[in-house]
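Residue-level structural notes
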Amino acid sequence: MKIPSDPVPGRATVSPVAWLERLLEASGPAAVAAVIVDRVRADPTCRAATVLWWLPGQPQPECHPATRPGAAEMALVRRALDSEGLQLDPALSLLTCRLCRPGAAALLVQLDADAAGVPPERQLPLAWLQLAGRQLQRALELTDLQRSHDRLERSETLQRALLSISDLSGSELEMPDMLLGIHGIVGTLMYAENFFIVRYDAERGTMRFLYYADSEDEAGQPDADMPMARLHGSLTWHLLTGSRPLMGAIEEIDRQLGGTLRPIGPQCRHWLGVPMLRGGVARGALVVQTYEEGIRYSAADRALLQFVGSHILTALERKQGKDDLERRVRERTLELAELNRGLQQQVVERQRAERLQAALFQIAQLATADIDQQTFCQQVHAIVGSLINAKNFFIALVDEASRTLSFPYAVDVTGESYLARPLSRGLSEYVLRHGALVVDRAGMDRMIECGEIDAHSTGTPSICWLGVPLWDGDHAIGLVAVQSYTEQITYGEAEQELLGFVASQIATSLQRRRAADALQHAYAQLELRVHERTHALRQEIGERERVQQQLRHQVMHDPLTGLPNRDHLRERIERSLALVRDTRGARCALLYIDVDRFKVINDSLGHLAGDAVLKEVAQRLQGCVREPDVVARLSGDEFAILLDRVDGPATAAAVADRVLQALGRPLPVAGRELQPSASLGIALGDHRYGQADELLRDADIALYRAKELGRKRYALFDDTLAKNLVDELSMEGELRLALQRDEFQPYLQPICRLQTGERVGYEALLRWHHPERGVLPPGAFLKVAEDCGQIEPIDWQLFERACVALTRLPGHGSFLTFNVSALHLRHADFDQRLLAMIGRSGLAPTRVIVEVTEGSLLDDPERVRGTLERLRQAGVGAALDDFGTGYSSLNYLHSLPLRMLKIDQTFVQALDAGSTNSSTVVEAILALAHALEIQVIAEGIETPRQRALLQDMACELGQGFLLGRPHPLAHWLGEPA
């Protein structure tokens, strides 16, 4: 290695005072090393210099300059680290010395050839090297302390996240809410923007996305089963069928799988998936992936995801068990209701069924109640005893390790002793091997004779015995049993089924309690390690507090203006809101401020001028408030003022006026005099606010309202501003769901011959069957659908359903019209897609007419003309809608391949008023259309007079409420709604 030397001859003179100031100001190892290198290279005997240092646990050193020394130089450095003073190698013209404590840092200097014979102490003064070494030692210790602090914070964050996941999985939240919460927690521990959960049914060979969030791929359809064959060879398929975690880049995983991977969908940069196992078999999986460079998952991320998966699987199985119980209870209730036809017997059976259902739901609730095991067993016994005779009742559990059977709960009128015993060949062991059993005394004797059970292992002989296993997946972990010692009490299939329900709930409760005990043990171990680490850190608390205070000030303040930053402001808002909640009638206020047209200042005068403006704005804002109010810089040209205590909106408005006046004063910058201004949003904080982000959000909404009103003003937040935003966002989500749920339906309005009233065609009109608001016309949702890009898929759904509907109507001569917007006509393949859709519906193309407006022709008339011509050649007609309300260009009539022309309803409705102009216009349109052999349809006919006048003018076709209102297909087929 050749250490870089100065590019020019000569050395700059280094002032000792200036060098010392630089050394003391350096804040990190690299900065201190740079000062040392500059000082060494100023010496005339030194051609180049390098400083090397090691941090604890770091195998390779860092160095300045960044070029790493070769093997010979590193050997000399390591000898220097083990000794004191300067070390000279004349053969290599190298000089080395240790800068601080052994093994921490060293200096490597390449000398001029002429200086190789000079003693080391004359080449470099030891005094300043010792001073520089002490400064470097302090920088290294501070860096190590900061790294230790960061590791502790990460450990505490992980602990809180694991506890939150456990609480969520055991909560009573609905499954989507629980999974969304778990996604949020996982996102705090690793990169999880792209995250999904699948449930796998190996017997059926299907899978389902229970939760799906992906920034690049929307292929996952929650709550929809899909065959595994569709994903054969994909990452998810290998994960579920292989029942083992997969992690790495696509190429790495493909190598792990022997080149059998078949990528599906967008290709990610790194992928991590873990199966959710039960009995060694995958029942589902959790997956995170990233599409960004530089983000990779680790073994710790994999272990965390496996922990989350176990809790999710338990929650899913608990919910499935509850659903199965409810289904069986309903089925049992129906069976009981059909046993008797007599009114009195029906009442008796219904009352009995209601008691049974109530009891089973009580047992289901006990399975998740926060009670100890003994209390749980006692209450289950009491509930079962209210339905069947359960005077003699016990619960037994198997210990696989010791091969024993224990009895955590047992009640027996004979005083039978239920002590733990080795597994043998009793009735209990028979149930564990073969499943549920109900048997009388004679049946027991036959089982003894056949050798299926041992007479010495059955305890006190009973008249009738019923036992049901407790299942953990497909493995029996114990059983629950009842028995009778009198001829009057027997058990049958009904009691066996009831006890089966009880057994499933007991097994679920035991699994949940075991999982909770394991989690508690893990938490205790983690808490012990945290306690030990905390005790060790307290010995350094003095120095750490000083460093933390300095770091906190740097982190919580803006370096340009010196104002508190967003994090600092959020803490102050949290304290103010806490005071507001504790003090009746108290309120605070937040002013969100944006400097108008600040980008113009940056672009015109440069960033230095922009920084000067921001500093002046910060000073002026501070002059507008009093203690303890806070002025903060949030980002860029955004500031905020927190008024700690206000009487009402008037107080906040007065401060806002002062801010506008202060910022409106002329401001000299870069030789120019600027006239700055600002827009403000105000939100009043009261007891309704729980978090700082809520107050920031509402103030930001008010700020954008002020900008919409013309800037250089303020706006006060109210509930109307929030409701408008929430309503629009809510409707966007509802529109997407409506597409998935097929809630958009075509309503057909008839087109009739005016002379006879015969229906010759229909116009398809869009309606939304909203599950809560009923049938909605397009005006209620069309604008939101256009803004969020949903209008095209909605239209295509309408087109296809309308074509299918027409094939079901009687007669083969009627035609169908529907509106095609300019948005569709901008696509070059619109005609191909439309013809393919018509072909799928089975409707003849000659029965379809697309309606276009004059406005849709303005974008590119030639392209639209070509599209309509290709449709005409395939048999699809075109109609010009709302003729007379736009440009009414005659060029359209003779140049476009039109089959029909629709007179706008405004002209038709004016006929009732006796308007001569309207009659003249309608007659002219009819004459022109007839001359061009174009059919005419009059829209909006609502009165007999309008119909008669149009007939007199030789108008052949019409539509409107007089002739027929829009109705769904069932109405025109005569089917019940």
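The following paragraphs examine the structure supplied in this document. Everything quoted here is computed from the prediction, not taken from an experiment. (Residues numbered from 1 in each chain as written. Predicted model: local features only at pLDDT ≥ 70, side-chain atom pairs only at ≥ 80, totals over all residues. Heavy atoms only, no water.)

**Quick notes on the sheet that holds strand 3 (residues 86-89)**
Strand order across the open sheet formed by five strands is 2-1-5-4-3, with antiparallel pairing between neighbours. Each end of this open sheet is capped by a strand with a single partner; those strands are strand 2 (62-64) and strand 3. The mean angle between the axes of side-by-side strands here comes to 20°, regardless of whether they run parallel or antiparallel. Relative to strand 5 (residues 105-111), strand 4 (residues 94-98) runs antiparallel, the two being bridged by five bridges. When the sheet's bridge partners are listed, Cys-97 is paired in strand 5 with Leu-107. Lying over the sheet, helix 2 (residues 29-41) contacts strand 1 (46-53), strand 2 and strand 5, oriented at roughly 160° with respect to strand 1. Lying over the sheet, helix 3 (residues 71-81) contacts strand 1, strand 3, strand 4 and strand 5, oriented at roughly 35° with respect to strand 4. (Pairing = 2+ DSSP bridges. Helix = DSSP H or I, 4+ residues; strand = E, 2+ residues; numbered from the N terminus. Axes fitted to C-alpha atoms, helices over the stretch in contact; angles between N-to-C directions. Contact = heavy atoms within 4.5 Å.)

**Quick notes on a positive patch on the surface**
Together, Arg-147, Arg-151, Arg-154 and Arg-533 line one region of the surface with positive charge. When residues of the positive patch are assigned to their parent elements, the largest contribution, three residues, is made by helix 5 (residues 126-169). If you trace the backbone, Arg-533 turns up in helix 14 (residues 493-538). (Patch = residues over 30% accessible without salt bridge, like charges linked within 9 Å, V, L, I, M, F, W, Y side chains within 5 Å. Areas by Shrake-Rupley, 256 points an atom, 1.4 Å probe, with all protein chains shown as cover. Salt bridge = Lys/Arg side-chain N within 4 Å of Asp/Glu carboxyl O. Lys, Arg positive; Asp, Glu negative; His and termini not counted. Charge placed at Lys NZ, Arg CZ, Asp CG, Glu CD.)

**Focus on the pattern of salt bridges**
Per the counting criterion, the structure on display carries 27 salt bridges. Residue Arg-403 is joined to Glu-400 by a salt bridge in which the shortest nitrogen-to-oxygen separation is 3.1 Å. Its salt-bridge partner being Asp-698, residue Arg-697 comes within 3.0 Å of it at the nearest N-O pair. Three or more residues are tied together by salt bridges with common partners; here these are Glu-763, Glu-851, Lys-902 and Glu-939.

**With respect to the packing of helix 25 (residues 830-841) against helix 26 (residues 861-874)**
In contact at an axis separation of 9 Å, helix 25 and helix 26 are set at 30° when each is read in the N-to-C sense. Classified by the angle between their axes, helix 25 and helix 26 sit roughly parallel to one another. Crossing angle aside, the handedness with which helix 25 passes helix 26 is right-handed. For the pair formed by helix 25 and helix 26, the contact residues are Phe-830, Asp-831, Leu-834 and Leu-835 on the first element and Thr-867, Arg-870, Leu-871 and Ala-874 on the second. The residue inventory of the contact of helix 25 with helix 26, partitioned by class, reads five nonpolar, one polar and two charged. (Parallel < 35°, antiparallel > 145°, perpendicular 65-115°, else oblique. Left-handed = near helix turned anticlockwise from the far one by under 90°. Nonpolar A, V, L, I, M, F, W, Y, C, P; charged D, E, K, R; others polar.)

**Quick look at the packing of aromatic side chains**
The description of two aromatic rings rests on the distance between their centres and on the angle between their planes. One pass over the full model with this rule turns up 15 aromatic pairs. Plain terms: the ring middles of Phe-196 and Phe-209 are 5.4 Å apart, the flat faces sit at 70° to each other, and that makes the pair edge-to-face. Of this pair, Phe-196 sits in strand 6 (residues 194-201) while Phe-209 sits in strand 7 (residues 206-213), and the two are 13 residues apart along the sequence. A single burial state applies to Phe-196 and to Phe-209, both of which are buried. Look at Phe-394 and Tyr-418: their rings are 5.3 Å apart centre to centre, the planes differ by 40°, and that puts the pair in the tilted class. Within this pair, whereas Phe-394 is found in strand 12 (residues 393-399), its partner Tyr-418 is found in the loop between strand 13 (404-411) and strand 14 (421-422), the two being separated by 24 residues in sequence. One aromatic cluster is present, built from ring pairs that chain together Trp-796, Phe-799, Phe-818 and Phe-830. (Phe/Tyr/Trp six-rings, centres within 6.5 Å; stacked < 30°, edge-to-face > 60°. Buried < 20%, exposed > 50% of the residue type's maximum accessible area, 1.4 Å probe, protein only.)

**Digging into unusual backbone geometry**
Cis geometry is adopted by the peptide bond preceding Pro-628, which originates at Glu-627 and carries an omega value of 5°. Along the chain, the position of Pro-628 falls in the loop between helix 18 (607-622) and strand 19 (630-635). Although it is not a glycine, Asp-742 sits at a positive phi angle of roughly 60°. Under the relative-accessibility criterion, Asp-742 is labelled partly exposed at 38%.

**Considering the environment of Trp-54**
Secondary-structure assignment places Trp-54 in the loop between strand 1 and strand 2. Accessibility expressed as a relative area gives 10% for Trp-54, which makes it buried. Placed 132 residues apart in sequence, Trp-54 and Val-186 show a C-alpha to C-alpha distance of 34 Å.

**Section: the environment of Leu-419**
Take Leu-419: it is sitting in the loop between strand 13 and strand 14. Expressed as a C-alpha distance, the spacing of Leu-419 and Leu-405, which sit 14 residues apart in the sequence, is 8.6 Å. Setting aside residues up to four positions removed in sequence, Leu-419 forms contacts with Leu-405 and Phe-407.

**Overview of the environment of Leu-334**
Along the polypeptide, Leu-334 turns up in helix 9 (residues 299-337). Along the sequence, Leu-334 and Leu-427 sit 93 residues apart, while their C-alpha atoms lie 33 Å from each other.

**Here's the deal with the pairing of strand 17 (residues 475-484)**
Counting buried positions over the ten residues of strand 17 gives nine, a clear majority of the element. Taken together, the five bridges between strand 12 and strand 17 define a ladder with antiparallel strand orientation. Pairing of Ile-395 across the sheet is with Val-480, part of strand 17. Of the pairings in the sheet, the one linking strand 16 (residues 464-472) to strand 17 comprises nine bridges and is antiparallel in character. Residue pairing for strand 17: Val-468 is matched across the bridge by Val-480. The loop that links strand 16 with its antiparallel partner strand 17 comprises two residues; one of these, Gly-473, has a positive phi angle of about 70°.

**Looking at the nonpolar core**
Of all hydrophobic cores here, the largest spans 54 residues; its most connected members are Leu-748, Phe-818, Leu-834, Val-850 and Leu-950. Take this core: its biggest share by element is six residues, from helix 23 (residues 791-808). Discounting chain neighbours no more than four positions away, the residues touching Leu-950 are Leu-754, Val-908, Leu-911, Val-922, Ala-938, Ile-941 and Cys-955. (Core = buried A, V, L, I, M, F, W, Y, C linked by side-chain atoms within 4.5 Å.)

**Re helix 11 (residues 373-385)**
In this model helix 11 runs 18 Å from its N-terminal to its C-terminal C-alpha over 13 residues, within 8% of the 18 Å that 1.5 Å per residue would give. Looking only at helix 11, the buried set comprises Phe-376, Cys-377, Val-380, His-381, Ile-383 and Val-384. The buried residues of helix 11 occupy one face: seen down the axis, they fall within an arc of 165°. (Expected span 1.5 Å × (residues − 1). Arc of directions from axis to C-beta.)

**Considering helix 20 (residues 692-708)**
The end-to-end C-alpha separation of helix 20 is 25 Å, in line with the 24 Å expected for 17 residues at 1.5 Å each. Among the residues of helix 20, those classed as buried are Ala-692, Leu-695, Leu-696, Asp-698, Ala-699, Ile-701, Ala-702, Leu-703 and Ala-706. Gly-710 sits one or two positions beyond helix 20 and adopts a positive phi of about 120°.

**Topic: the side chain of Thr-561**
Turning to its location among the elements, Thr-561 is positioned in the loop between helix 15 (541-555) and helix 16 (566-582). Residue Thr-561 is classed as buried on the basis of its relative accessible area of 19%. Among the polar contacts made by the side chain of Thr-561, one reaches the side chain of Asp-558 at a distance of 2.7 Å. For Thr-561, the side chain forms a polar contact with the main-chain nitrogen of Leu-563, separated by 3.3 Å. In contact with Thr-561, not counting residues within four places along its chain, are Leu-614, Lys-615, Ala-618 and Arg-633. (Polar contact = N/O pair within 3.5 Å; in protein donor to acceptor, adjacent residues only side chain to side chain.)

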